[in-house]
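# Per-entry structural report
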Amino acid sequence: MACLLETPIRMSVLSEVTASSRHYVDRLFDPDPQKVLQGVIDMKNAVIGNNKQKANLIVLGAVPRLLYLLQQETSSTELKTECAVVLGSLAMGTENNVKSLLDCHIIPALLQGLLSPDLKFIEACLRCLRTIFTSPVTPEELLYTDATVIPHLMALLSRSRYTQEYICQIFSHCCKGPDHQTILFNHGAVQNIAHLLTSVSYKVRMQALKCFSVLAFENPQVSMTLVNVLVDGELLPQIFVKMLQRDKPIEMQLTSAKCLTYMCRAGAIRTDDNCIVLKTLPCLVRMCSKERLLEERVEGAETLAYLIEPDVELQRIASITDHLIAMLADYFKYPSSVSAITDIKRLDHDLKHAHELRQAAFKLYASLGANDEDIRKKIIETENMMDRIVTGLSESSVKVRLAAVRCLHSLSRSVQQLRTSFQDHAVWKPLMKVLQNAPDEILVVASSMLCNLLLEFSPSKEPILESGAVELLCGLTQSENPALRVNGIWALMNMAFQAEQKIKADILRSLSTEQLFRLLSDSDLNVLMKTLGLLRNLLSTRPHIDKIMSTHGKQIMQAVTLILEGEHNIEVKEQTLCILANIADGTTAKELIMTNDDILQKIKYYMGHSHVKLQLAAMFCISNLVWNEEEGSQERQDKLRDMGIVDILHKLSQSPDSNLCDKAKMALQQYLA
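Source: prediction; values computed, not measured.

## Examining the packing of helix 35 (residues 542-565) against helix 36 (residues 570-584)
Two numbers describe how helix 35 lies on helix 36: the axes approach to 11 Å, and their chain directions differ by 150°. Considering the angle they form, helix 35 stands roughly antiparallel to helix 36. Considering how the two elements wind past one another, helix 35 and helix 36 form a crossing that is left-handed. Across the interface between the two elements, Ile 545, Met 549, Ile 556, Met 557, Val 560, Ile 563 and Leu 564 from helix 35 touch Val 572, Lys 573, Thr 576, Leu 577, Ile 579, Leu 580, Asn 582 and Ile 583 from helix 36. Across the contact of helix 35 with helix 36, the residue classes tally to 12 nonpolar, two polar and one charged.

Structure, rendered in structure tokens:
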């Protein structure tokens, strides 16, 4: 029964809402072109600033008719232009409006309109395209579908200040990633847009600047080109520097600083260049002050974090500029109860976006503390800093959680802090919670930090072990994400270092022999290296070596054989020979080598290898096997002599490498003793 009633109710509401708008649409179908034109003009006036009216007209089917009139050859240029203006106004409504316009294939129709000789019509089409392309619901790819569009837009740049403004805005919004950068670059974006930086129109200068920031981002090719571009006899970086001076609008200062930052990170400008140290960096620090608007503080901090991330000297300079470390603490107190914001709308906006400030502060703290111990100490000593990070780990926003974990990871590189602040605040507890259920991007950083907390000098190591870390880390080694596999095995490697037999047994049991061998044949080199490192740490101290080899010896020897026979690099084979040297140090385990002629031949082969690292690793194996203070040494020495090992030792004792020479002489002494 309810179903039967539902439809008429909806229809009556719809008819009530749209009745007043219907006459606007009806007039679009009038046979008199002059009345149609007047109808479109009246519609334009009716929809300005009226989202309800816009939605009604879309529901009543105004869009297909407007597009039809816009594309009709018989339509006057004035009518076409007015149609484009109305469509642009409809696009300025809600995201649903834009979706409706896209569903009616508005973009191909407007792009077709750009072929018109009439400038006013072109500008109206571009204004509408700008509004549509800057909407988050519009796929950027629609700009690149037809290969003739970009070159045509480049050609239109010279037509007027409006074509310049709108086209640059379209480019800066639709340039996402290296493929788009390459297309725009190859069609002469740099040359066509550079001169617009000196335009009399502020809007044109600003949009051109934004274009360069998206073109240069993580793009060495574009950045290297920009460095050498001349505009009115002045190099582009010098123009950017002028645009970030204090007397320029904040938006211009920020975007210029971004351009110089991206060019620097792409390797086109040196990090010690004055335009970075004396201009860009101080400008970005200024943007972090509490006088600036929320979005300016966010953008300033995030850009500065990106600029200084790889460079210790820039991190040191930033840390002592305008009390930056203390200034960032204000990001967590915003908006305060005595906030200076009197505009209620602004306050409401800022309350909704305050998490972005916390995210930006964590990012910048992470960059500042990436390398320098003193800076890390200053950050941690900033009021309630550790509590703020711990709180950040459980925030609802994934981006804030990720930034907080990154910040913590950066600070965890300090031995001093691992022993003090990290222990005082039991950081490992919220971190373990984060690791239970988080997106991969957070898991990668959190597990990387766990590797640091599991180092042997970290007081957190024991409680982490007791909280079920072994199972969690073994689970990570099965991830499809190679970074998670590396971190899982790396943390286990740190856990196994100088560990008790029980912990090693737990690791082997939880990991399983099958998984261990899967990791030893992993296609990712880092995973393989860390797995070998884990094996090496498991096979240390004699009782542990003998115990593990008594239960897993056969499989371990198989894995060692496979790696030594495989196409692996020097480092992998060196690690594998070091594992053999550890096995050779066992009391009973060394018999697994002595009874395996294949392995003995391999050790002999690597003693004569051209690479000293491999010769040394093979020598460690031999030294442990011939050591004469151990039971059965005489039989082992005899067997190795029969294989020709002593002859090789004599040769190696003449080696120009002093390390190798000493090891060979020491092994020979075991025969003489």
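## Digging into helix 23 (residues 385-392)
For helix 23, the complete set of buried residues consists of Met 385, Met 386, Arg 388, Ile 389 and Gly 392. For helix 23, the angular spread of the buried residues around the axis is 160°, confining them to a single face.

## Some details on the nonpolar core
Among the nonpolar cores identified, the biggest contains 243 residues, and Phe 212, Leu 368 and Leu 580 are the most heavily contacted of them. Each residue touching Leu 368, except ones within four places of it in the same chain, is listed here: Ile 308, Gln 315, Ala 318, Ser 319, Leu 324, Ile 325, Leu 328, Ile 375 and Ile 379.

## Describing the UniProt feature "repeat: ARM" (unreviewed entry) in the protein chain
UniProt's feature table lists "repeat: ARM" (unreviewed entry) at residues 61-97, given in the numbering used throughout. A helix fraction of 76% and a strand fraction of 0% characterise residues 61-97, whose end C-alpha atoms lie 12 Å from each other.

## What to know about helix 27 (residues 428-436)
All of the buried residues along helix 27 are Trp 428, Pro 430, Leu 431, Met 432, Val 434 and Leu 435. For helix 27, the secondary structure elements touched by its buried residues are helix 23, helix 24 (398-411), helix 28 (440-453), helix 29 (461-466) and helix 30 (469-476).

## A word on the pattern of salt bridges
Under the defined criterion, the tally for this structure stands at 32 salt bridges. Salt-bridge contacts for Lys 639 lead to Asp 597; the nearest nitrogen and oxygen are separated by 3.1 Å. In this pair, Lys 639 sits in helix 40 (residues 633-642) while Asp 597 sits in helix 38 (residues 597-607), placing the two residues 42 residues apart along the sequence. When its relative accessible area of 31% is taken as the criterion, Lys 639 is described as partly exposed. Of the charged contacts, one joins Lys 602 and Asp 598 as a salt bridge, the two residues approaching to 2.8 Å between their closest N and O atoms. Of this pair, Lys 602 and Asp 598 both sit in helix 38, four residues apart, which is roughly one turn of the helix. Taking the relative accessible area as the measure of exposure, Lys 602 reaches 12% and is therefore buried. The exposure class assigned to Asp 598 is partly exposed, which follows from its relative accessible area of 36%. The structure contains a network of salt bridges with shared partners spanning Lys 290, Asp 330, Lys 333 and Glu 383.

## Focus on the confidence of the model for the protein chain
The predicted model of the protein chain has a mean per-residue pLDDT of 92, with 96% of residues at 70 or higher. Within the model, pLDDT remains below 50 along residues 1-14, and this stretch shows one contact once partners closer than five positions in the same chain are excluded.

## Description of the environment of Ile 593
For Ile 593, the position within the fold is in helix 37 (residues 591-594). Considered as a pair, Ile 593 and Cys 621 are 28 residues apart in the sequence and their alpha carbons are 9.5 Å apart. Once residues within four sequence positions are removed from consideration, Ile 593 is found in contact with Met 557, Leu 580, Ile 583, Ala 584, Ile 599, Leu 600, Ile 603 and Leu 625.

Here is what the cut-offs are and how they apply
- Residues numbered from 1 in each chain as written.
- Predicted model: local features only at pLDDT ≥ 70, side-chain atom pairs only at ≥ 80, totals over all residues.
- Heavy atoms only, no water.
- Axes fitted to C-alpha atoms, helices over the stretch in contact; angles between N-to-C directions.
- Helix = DSSP H or I, 4+ residues; strand = E, 2+ residues; numbered from the N terminus.
- Parallel < 35°, antiparallel > 145°, perpendicular 65-115°, else oblique.
- Left-handed = near helix turned anticlockwise from the far one by under 90°.
- Contact = heavy atoms within 4.5 Å.
- Nonpolar A, V, L, I, M, F, W, Y, C, P; charged D, E, K, R; others polar.
- Buried < 20%, exposed > 50% of the residue type's maximum accessible area, 1.4 Å probe, protein only.
- Arc of directions from axis to C-beta.
- Core = buried A, V, L, I, M, F, W, Y, C linked by side-chain atoms within 4.5 Å.
- UniProt positions renumbered as here; feature names shortened; annotations may be inferred.
- Salt bridge = Lys/Arg side-chain N within 4 Å of Asp/Glu carboxyl O.
- pLDDT = per-residue confidence, 0-100.

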